[in-house]
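Architecture at a glance
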Amino acid sequence: MSMGAYDEDEHERREAQASRVDADFDDERTIYHGTVEYDAGESAEELLSQFEEMKSD
């Protein structure tokens, strides 16, 4: 068979493989315990001045 020739058997094999559904995975939800904290942050002016300080160092 030459390079790039159409192979119907290979096409059908790949089509059958792609249409199968793999349901053998663990479908349980992971439960995490802990806390989450959000930092509201500083004002834009304070952040810009902090950035300027870091740039000058």
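What you are looking at is a predicted structure, and each value in this text was computed from that prediction instead of being measured.

1. Comments concerning the overall build of the protein chain
Within the protein chain, the regular secondary structure consists of two helices and zero strands. For the protein chain, the exposed surface amounts to about 6400 Å²; the carbon and sulfur share of it is 50%.

2. Description of the pattern of salt bridges
Here the structure, examined in full by the defined rule, presents three salt bridges. Where E10 meets R14, a salt bridge forms, and the shortest distance between an N and an O atom there is 2.6 Å. One end of the pair, E10, and the other, R14, are both in helix α1 (residues 8-19), four residues apart, so they sit about a helical turn from each other. Under the relative-accessibility criterion, R14 is labelled exposed at 53%.

3. Quick word on a negative patch on the surface
Residues D7, E8, D9 and E12 make up a contiguous surface patch of negative charge. Within the secondary structure layout, D9 lies in helix α1.

Scoring rules and cut-offs
Residues numbered from 1 in each chain as written. Predicted model: local features only at pLDDT ≥ 70, side-chain atom pairs only at ≥ 80, totals over all residues. Heavy atoms only, no water. Helix = DSSP H or I, 4+ residues; strand = E, 2+ residues; numbered from the N terminus. Areas by Shrake-Rupley, 256 points an atom, 1.4 Å probe, with all protein chains shown as cover. Salt bridge = Lys/Arg side-chain N within 4 Å of Asp/Glu carboxyl O. Buried < 20%, exposed > 50% of the residue type's maximum accessible area, 1.4 Å probe, protein only. Patch = residues over 30% accessible without salt bridge, like charges linked within 9 Å, V, L, I, M, F, W, Y side chains within 5 Å. Lys, Arg positive; Asp, Glu negative; His and termini not counted. Charge placed at Lys NZ, Arg CZ, Asp CG, Glu CD.

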